[in-house]
Amino acid sequence: MDRLELLQSSGLIAQETCLKAKKVEIECIQRFGNSEKTEMFITHYALALERHQKGEIIPGLQKEAVAEIYSHPDLEACRQFLDELELLSGSDLSSIEEEFILIHLLNLINEKNNK
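The paragraphs below set out a description of the structure included in this document. (Residues numbered from 1 in each chain as written. Predicted model: local features only at pLDDT ≥ 70, side-chain atom pairs only at ≥ 80, totals over all residues. Heavy atoms only, no water.)

## Examining the nonpolar core
Ranked by size, the top nonpolar core spans 27 residues in total, and within it Leu-4, Phe-41, Tyr-45, Ile-101 and Leu-105 carry the most contacts. Where this core is concerned, the elements lending two or more residues are α1 (3-9), α2 (15-32), α3 (36-54), α5 (75-89) and α6 (95-113). Among residues more than four places away in sequence, those in contact with Leu-4 are Ile-13, Cys-18, Ala-21, Lys-22, Glu-25, Ile-42 and Ala-46. (Core = buried A, V, L, I, M, F, W, Y, C linked by side-chain atoms within 4.5 Å. Buried < 20%, exposed > 50% of the residue type's maximum accessible area, 1.4 Å probe, protein only. Helix = DSSP H or I, 4+ residues; strand = E, 2+ residues; numbered from the N terminus. Contact = heavy atoms within 4.5 Å.)

The following block contains the structure:
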């Protein structure tokens, strides 16, 4: 049983969310490879999708963290990939969720660039 199926079987995400997240997982593995950081990203993305489906709102990041995201040189590449993932999953995340997801994408890009 993979992480997404485990999240679904434990009731943390719905089947619809699991199916959407599996599409995202395939794209992420193709782009970044199968690593612990990729799996962590998929888990966070699936939970963000579920919160979006349920209309749940999470607290935002601190100003310093947001400033660091928006000044990062790989931000545009991350934003483009996030747009692709949102099209693929058929979900537009809130700006707060996007900021958290962008952090994880920046980590994935940094890991890929440092290999």
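On we go.
## Let's talk about the pattern of salt bridges
When the charged atoms of two side chains with opposite charge come close together, those side chains can pair. Scanning the model with the defined rule gives ten salt bridges in all. Glu-27 is the salt-bridge partner of Arg-31, the closest N and O atoms lying 3.8 Å from each other. With a gap of four residues between them, Arg-31 and Glu-27 both fall in helix α2, about one helical turn apart. Classification of Glu-27 by relative accessible area gives partly exposed; the value is 25%. With a shortest N-O distance of 2.6 Å, Arg-51 and Glu-97 are connected by a salt bridge. Linking Arg-51 in helix α3 with Glu-97 in helix α6, this pair joins segments that are 46 residues apart in sequence. Using a relative accessible area of 22% as the deciding quantity, one classes Arg-51 as partly exposed. Owing to a relative accessible area of 3%, Glu-97 belongs among the buried residues under this scheme. Linked through salt bridges whose partners overlap, the residues forming this network are Asp-2, Glu-5 and Lys-22. (Salt bridge = Lys/Arg side-chain N within 4 Å of Asp/Glu carboxyl O.)

## A look at the packing of aromatic side chains
If you walk through the whole model with that rule in mind, you get two aromatic pairs. Between the aromatic rings of Phe-32 and Phe-81, the centroid separation amounts to 5.4 Å while the plane-to-plane angle is 85 degrees, which identifies the pairing as edge-to-face. Here the residue Phe-32 occupies a position in helix α2, and Phe-81 occupies one in helix α5, the gap between them amounting to 49 residues. The pair Phe-32 / Phe-81 is uniform in exposure class, with both members buried. (Phe/Tyr/Trp six-rings, centres within 6.5 Å; stacked < 30°, edge-to-face > 60°.)

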